[in-house]
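Close look at the chain arrangement
Now for the letters of each chain:
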Amino acid sequence: MSITATLTVRRGEGGQMTTTSSYEVPYTPGQSVLDGLRYVRAHLDPTVAIRHSCLSANTCKECMIQVDGKVDYACTARLEPREMLLEPLGNKAHLRDLVTEVAPPDERLAHALAARAKAEG
Ligand code: FES
């Protein structure tokens, strides 16, 4: 018998959390919550919105979510063989499911201006 973890994800769009989906994923000691979420997207439900970039290097900070009510990085939070509640950050603009706008407004503006300058040559 294999050991599993259950990831319960609060879902919705634009701050309207309309549903909760639960996914049973294989558990192996040492895995991260992000590993479990990537399993969900690859094998169970590709519609779950998550964001990550550096894949466990803990440098991009894009995977920040709430794990059992506490803010954490999905890539460093350990997957556990039990039900885990995953929610978007409560203090950031909500986009969809677990994705929030994590970059500070001035960084978003600087990035947009740099991209525009590059496009304009
Ligand atoms: S994926 Fe980059 S900090 Fe978690």
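A brief look at the structure comes next.

Calculation rules
- Residues numbered from 1 in each chain as written.
- Predicted model: local features only at pLDDT ≥ 70, side-chain atom pairs only at ≥ 80, totals over all residues.
- Pairing = 2+ DSSP bridges.
- Helix = DSSP H or I, 4+ residues; strand = E, 2+ residues; numbered from the N terminus.
- Core = buried A, V, L, I, M, F, W, Y, C linked by C-beta atoms within 7 Å.
- Buried ≥ 20, exposed ≤ 12 C-beta atoms within 10 Å, placed from the backbone.
- Contact = placed C-beta atoms within 7 Å.

Time to look at the pairing of strand 5 (residues 83-87). Pairing geometry for strand 1 (residues 4-13) and strand 5, over four bridges, is parallel. Bridged to Leu-7 within strand 5 is Met-84. Bridge count between strand 3 (residues 64-67) and strand 5: two bridges; the pairing is antiparallel. Along strand 5, the bridge assignment pairs Val-67 with Leu-86.

Right, let's get into the nonpolar core. The nonpolar side chains of a soluble globular protein tend to be buried with one another. The biggest cluster of nonpolar side chains holds 23 residues, and the ones touching the most others in it are Leu-7, Val-33, Leu-37, Cys-63, Ile-65, Ala-74 and Leu-86. Those elements giving two or more residues to this core turn out to be strand 1, strand 2 (16-26), helix 1 (33-44), strand 3 and strand 5. No other element matches the four residues that helix 1 contributes to this core. Residues in contact with Leu-7, not counting those within four places in the same chain, are Tyr-23, Val-25, Gly-36, Leu-37, Val-40, Met-84 and Leu-86.

Across 10 bridges, strand 1 lies against strand 2 in antiparallel orientation. Residue pairing across strands places Thr-4 opposite Pro-26, the latter belonging to strand 2. Counting the residues in the hairpin turn of strand 1 and strand 2 gives two residues, including Gly-14, whose phi is positive at 60°.

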